[in-house]
Amino acid sequence: MSAAFFRRNVLGFLGLALAALAVIAAVGAPVLSPHDPVKGDFSQGLKPPGTPGHLLGTDQLGRDTLSRVLYGARVALFIGICTVLLTALVGGLLGLLAGFFGGWPGNALMRLCDVQLSFPFILLALTINAIVGLGLRNIIVSLAAAGWVVYARVVRGEVLSVKQRDYVQAAAALGTGRPRILFRHVLPNVAPSIIIVASLQFSQFIVAEAAISFLGFGVQPPTPAWGSMLSESRDFLYVAWWLAAFPGAALALTALGVNLVGDWLRDILDPKFRV
Amino acid sequence: MVIRQSGGPRESSGTLVAMRGYFLSRLGQTALVVFLSLTVVFFLVRLSGDPVLLFLPMDIQAKDINETRQRLGFNDPLAVQYTRFVANAARGDFGESLRYRRDALRLVLERLPATLELGATALLLTFVAAIPIGVLSATRRGTLLDYLGMGAAVLGQAIPGFWLGLMLIYFFSVRLHWLPTGGMDGPANFVMPCIVLASFYAARIARLTRSSVLDTLNEEFVLTARAKGLAEWIVIGKHTLKNSAIPIVTLAGLETGQLLGGAVITETIFAWPGLGRLTVQALLNRDFPVVLAAVFVISVTYTLINLVVDLLYGWLDPRTRREAAA
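Everything numeric here is computed off the predicted structure, so don't read it as measured data.

1. Quick look at the overall build of chain B
Stage number 1. A tally of helices and strands in chain B yields 13 helices and zero strands.
Stage number 2. The proportion of buried residues among the 326 residues of chain B is 36%.
Stage number 3. Taking the intrachain contacts of chain B between residues at least 6 apart in sequence as the baseline, contacts between residues at least 24 apart amount to 72%.

2. As for the interface of chain B and chain A
Stage number 1. Listed as interface residues are 34 residues of chain B and, on the opposing side, 32 residues of chain A.
Stage number 2. Residue assignment for the side of chain B that touches chain A shows that the elements contributing at least two residues are α1 (9-47), α6 (144-158), α7 (161-175), α10 (232-269), α11 (275-284) and α12 (288-316) of chain B.
Stage number 3. For the side of chain B that touches chain A, the per-class residue count stands at 25 nonpolar, nine polar and no charged.

3. Quick word on the environment of G237 of chain B
All names here are of chain B.
Stage number 1. Here G237 lies in helix α10.
Stage number 2. Judged by local crowding, G237 falls into the exposed class, with 12 C-beta atoms found within 10 Å.
Stage number 3. For the pair G237 and V135, spaced 102 residues apart in sequence, the C-alpha separation works out to 9.4 Å.

4. Some words on the packing of helix α4 (residues 103-117) of chain A against helix α6 (residues 136-162) of chain A
Residues and elements named next belong to chain A.
Stage number 1. Look at α4 against α6: their axes get within 10 Å of each other, and the N-to-C directions meet at 135°. When the axis of α4 is compared with that of α6, the two are oblique. Handedness of the crossing formed by α4 with α6: left-handed. Only V149, A152, R153 and R156 of α6 make contact with α4, whose side of the interface consists of L109, M110, C113, Q116 and L117.
Stage number 2. The residue inventory of the contact of α4 with α6, partitioned by class, reads six nonpolar, one polar and two charged.

5. Thoughts on the packing of helix α5 (residues 104-139) of chain B against α11 of chain B
All names here are of chain B.
Stage number 1. Between α5 and α11, the shortest axis-to-axis distance is 7 Å and the interhelical angle comes to 135°. The angle between α5 and α11 places the two elements in the oblique class. The residues of α11 that touch α5, namely those facing V108, R111, L112 and T115, are L275, G276 and L278.

6. Notes on the nonpolar core
When a protein is soluble and globular, its nonpolar side chains tend to lie buried together.
Stage number 1. Counting residues in each nonpolar core, the largest one holds 157 residues, and the members touching the most others are A125, L126 and A211 of chain A together with V108, A293 and A294 of chain B.
Stage number 2. Aside from chain neighbours lying at most four places away, what touches A293 of chain B is F94, A104, L105 and V108 of chain B.

7. Looking at the confidence of the model for chain B
All names here are of chain B.
Stage number 1. Per-residue pLDDT for chain B averages 80, and the proportion of residues at 70 or more is 87%.
Stage number 2. At the level of individual helices and strands, chain B shows its lowest average pLDDT in helix α13 (residues 318-325), which scores 54, and its highest in α5, which scores 90.
Stage number 3. Low pLDDT (under 50) marks residues 1-11, which in the prediction has three contacts with non-local residues, meaning those over four places away or in another chain.
Stage number 4. With a pTM of 0.84, the predicted complex shows an ipTM of 0.85.

8. With respect to helix α7 (residues 166-173) of chain A
It helps to recall that an α-helix has 3.6 residues per turn; residues three or four apart then point in one direction.
Stage number 1. Counted residue by residue, α7 of chain A has zero buried out of eight residues, so it is predominantly exposed.
Stage number 2. Following α7 of chain A by one or two positions, G175 of chain A adopts a phi angle in the positive range, close to 90°.

9. Some thoughts on the confidence of the model for chain A
Stage number 1. When the pLDDT values of chain A are averaged, the result is 86; 96% of them are 70 or greater.
Stage number 2. Across chain A, element-level confidence peaks in helix α3 (residues 65-101) of chain A with a mean pLDDT of 91 and bottoms out in helix α11 (residues 271-274) of chain A with 45.

10. Let's talk about the environment of F23 of chain B
Stage number 1. Within the secondary structure layout, F23 of chain B lies in helix α1.
Stage number 2. Along the backbone, F23 of chain B and L307 of chain B are 284 residues apart, and their C-alpha atoms lie at a distance of 8.7 Å.

11. With respect to α11 of chain B
Residue and element names in this part refer to chain B.
Stage number 1. Within α11, eight of the 10 residues are buried, which leaves it mostly tucked inside the rest of the structure.
Stage number 2. For α11, the full list of buried residues reads L275, G276, R277, L278, T279, V280, A282 and L283.
Stage number 3. At the exit of α11 stands R286, carrying a positive phi of roughly 55°.

What counts and how
Residues numbered from 1 in each chain as written. Chains lettered and ligands numbered in written order. Predicted model: local features only at pLDDT ≥ 70, side-chain atom pairs only at ≥ 80, totals over all residues. Helix = DSSP H or I, 4+ residues; strand = E, 2+ residues; numbered from the N terminus. Buried ≥ 20, exposed ≤ 12 C-beta atoms within 10 Å, placed from the backbone. Contact = placed C-beta atoms within 7 Å. Nonpolar A, V, L, I, M, F, W, Y, C, P; charged D, E, K, R; others polar. Axes fitted to C-alpha atoms, helices over the stretch in contact; angles between N-to-C directions. Parallel < 35°, antiparallel > 145°, perpendicular 65-115°, else oblique. Left-handed = near helix turned anticlockwise from the far one by under 90°. Core = buried A, V, L, I, M, F, W, Y, C linked by C-beta atoms within 7 Å. pLDDT = per-residue confidence, 0-100.

Rendered as structure tokens:
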């Protein structure tokens, strides 16, 4: 790997490093955490960072902030991955079908997307979540229900253009079946845009989940989610800044890492740059 | 895109008719969007369990539940309930807030100005901050200024607003005692909510301004303007910026609607007496008449903002104006 290559992609590498850090925290939380993330010790309540045994301090119940931040990575990444997979599958498939077969079902789907896009994303996810109920599964469902339209839109647009390319026309002329054309010729050529959208949506979902949990919906205490930790920290802002600082910094760095990787992927995969 | 030859006065009257048709179809679309949003939320609310329990506080007596169910008409078939809801909503009647015992729509509309005030100030801050940063980063490409500006933009995009809000409160209210933590009593109250609300949008708009200006700087008319010996600030300010504006306005339009979403979080952190905070409280209190009224007002506001943005295009780029009219 040459120095020039590294310099040109320095932001991409930084993003990869930050994202890897989040993955390590999530996977290694049980090993890396010095304490149980949900078990408190009242005698150790609200200790500042640097207290022996509690590198990042403790909260009002004496729970170790570092352990909770590490476990919070699990919750955040789990929700992010599940939501992205669910939206990519549902939205991608619908967009693929709408673009490939068109007709009135495709048009109806696009009108539905228009309606859904005419409502702020976070507010939509929040409203759905408040209605379907709280908890880990429901927050994933809510975010996916609010987020699938982006895939459907992007994928449909891509399919419409890929469908006209010579190799697809050639495959059709050779008598290839429609499902085979769809999955062997169209899908692989639409895949880069699905990956780009997924990487850009991923951080949006993580931040949205945290925002919804912050507002009192979504993931509930005592589950160590960054959003609900920040929500609890509001009551202690005057006495314990670390309760707000660390979960938020973890969230921001994860979002930054994922965004940088997303930008990088777009530069690599975007047809405009591929020539 | 083809540039059409400008016609005489006859064409301009044709443009007017086309504009009216466009306007009417857009209004029809808005009505459809609002109607469908309300329908979806209505059914979600009704299908998510016993609506009476959703509509009542937790500590209610059993006989009150039945009485309320009868009074609010939940014993009727769903189709009847829905028809009644649509008929009432068309007259602007969303029922009475369960918490405040007042007309839900009026309650929502009373909170709207505070949100619009915050949103407009944040939008102003966004443009004042983002466009100069984007333009300077583009014209001084590769310099320290460019790296600083874009670094700030990348960070601004990644930092969640509610965390930024908490940190600002900690530094400027708790530690320095410079700014109030919340409420809406004076100009000082605007500072932190506006920064929080603007941060994400400013970051995106700064990045887009940079890339759009970079694209435009390669155009021949910029070269011509420079060759004519125009001052650099005229070349940038007049020839480049106005021609870079289309993607910026597009994004700004999309984002302005999202400001309403951002307001939900910002208003909650800073105890801002606006629509967003009211909506969150209504959702927490299961005050669904208010939720439905808020959905109504938000979707109307959102689509109106997008309409204004579309009309702005015509002003910025006469080519799209003629094309829409043709």
